[in-house]
Amino acid sequence: MLEIFKDVIKIRQVICKCHKTKIAKDGAYCIKINNKNQYWCNKEEYDNNKKEQLAKDSLYKTVAEILQIPIVTPFMKKEIEKIRVYYEYDIIRKTFIESEPKLNWFIRNKMDERTTEFAMFRYCITVIANNINDVKSRYIKELKALEDMFKSNTENDIIDDMILNNNESVDRNVSDISQFLD
Ligand SMILES: [Zn+2]
């Protein structure tokens, strides 16, 4: 075998938890969970994945609370994933919260013991799909307003700094005067 290939084979490989592909162990981000090492391409990938998982859990919790069901079933998760292709979990969760009165009305008035999980959740998902774009645009607008507020705060900080600097120069003058007094 060529020397150069021997070196390549010697590189220890692990499976990235996110991509399920082999990556070099050196440089991979490693985290111990339940005494087992998990590897990720890098820390950012791990952090993003964790954030996504938390958002997903939070959405499931909200859905279960609003629909008054013990768990979100695999069928429901599958339906949610169809929307997830276009929208973040957080936006889906916000839409569920905003649609709660509509969903509650349906559960109270249109559902009986013959209503299947399929029919019930398909109705919910239709309501979510119809409202999610409005929720998202409103959310983006709110974020933008917050950003603008932050920007104007930064401008105020600059003004504060200018005032502070002026005070400092006043202080310096005072000390200059005290020098004269000495
Ligand atoms: Zn990866």
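Report on the accompanying structure. In this text the structure is predicted, and so the values were computed from the model without any measurement.

1. Focus: the nonpolar core
If you look at the biggest cluster of nonpolar residues, it comprises 14 residues, and the most contacted ones within it are V63, M76, I92, I128 and I132. Broken down by secondary-structure element, the contributors of at least two residues to this core are α2 (43-67), α3 (74-84), α4 (89-98) and α6 (117-181). Broken down by element, this core gets its largest block of residues, 5 residues, from α6. Other than its neighbours up to four places away in sequence, I132 contacts I83, Y87, I91, I92 and T95.

2. Examining the pairing of strand β4 (residues 36-40)
In the sheet, strand β3 (residues 29-33) pairs with β4 via 5 bridges, with the strands oriented antiparallel. When the bridges of β4 are listed, I33 appears paired with K36. Remark: 2 residues form the turn of the hairpin made by β3 and β4, two consecutive strands paired antiparallel; N34 in that turn has positive phi of roughly 50°.

3. Focus: the environment of N131
If you trace the backbone, N131 turns up in helix α6. N131 sits in the partly exposed class, given 16 other C-beta atoms within 10 Å. Placed 32 residues apart in sequence, N131 and S99 show a C-alpha to C-alpha distance of 7.8 Å. Leaving out residues up to four positions away in the same chain, N131 has contacts with T95, E98 and S99.

Thresholds, definitions, all that
- Residues numbered from 1 in each chain as written.
- Predicted model: local features only at pLDDT ≥ 70, side-chain atom pairs only at ≥ 80, totals over all residues.
- Core = buried A, V, L, I, M, F, W, Y, C linked by C-beta atoms within 7 Å.
- Buried ≥ 20, exposed ≤ 12 C-beta atoms within 10 Å, placed from the backbone.
- Helix = DSSP H or I, 4+ residues; strand = E, 2+ residues; numbered from the N terminus.
- Contact = placed C-beta atoms within 7 Å.
- Pairing = 2+ DSSP bridges.

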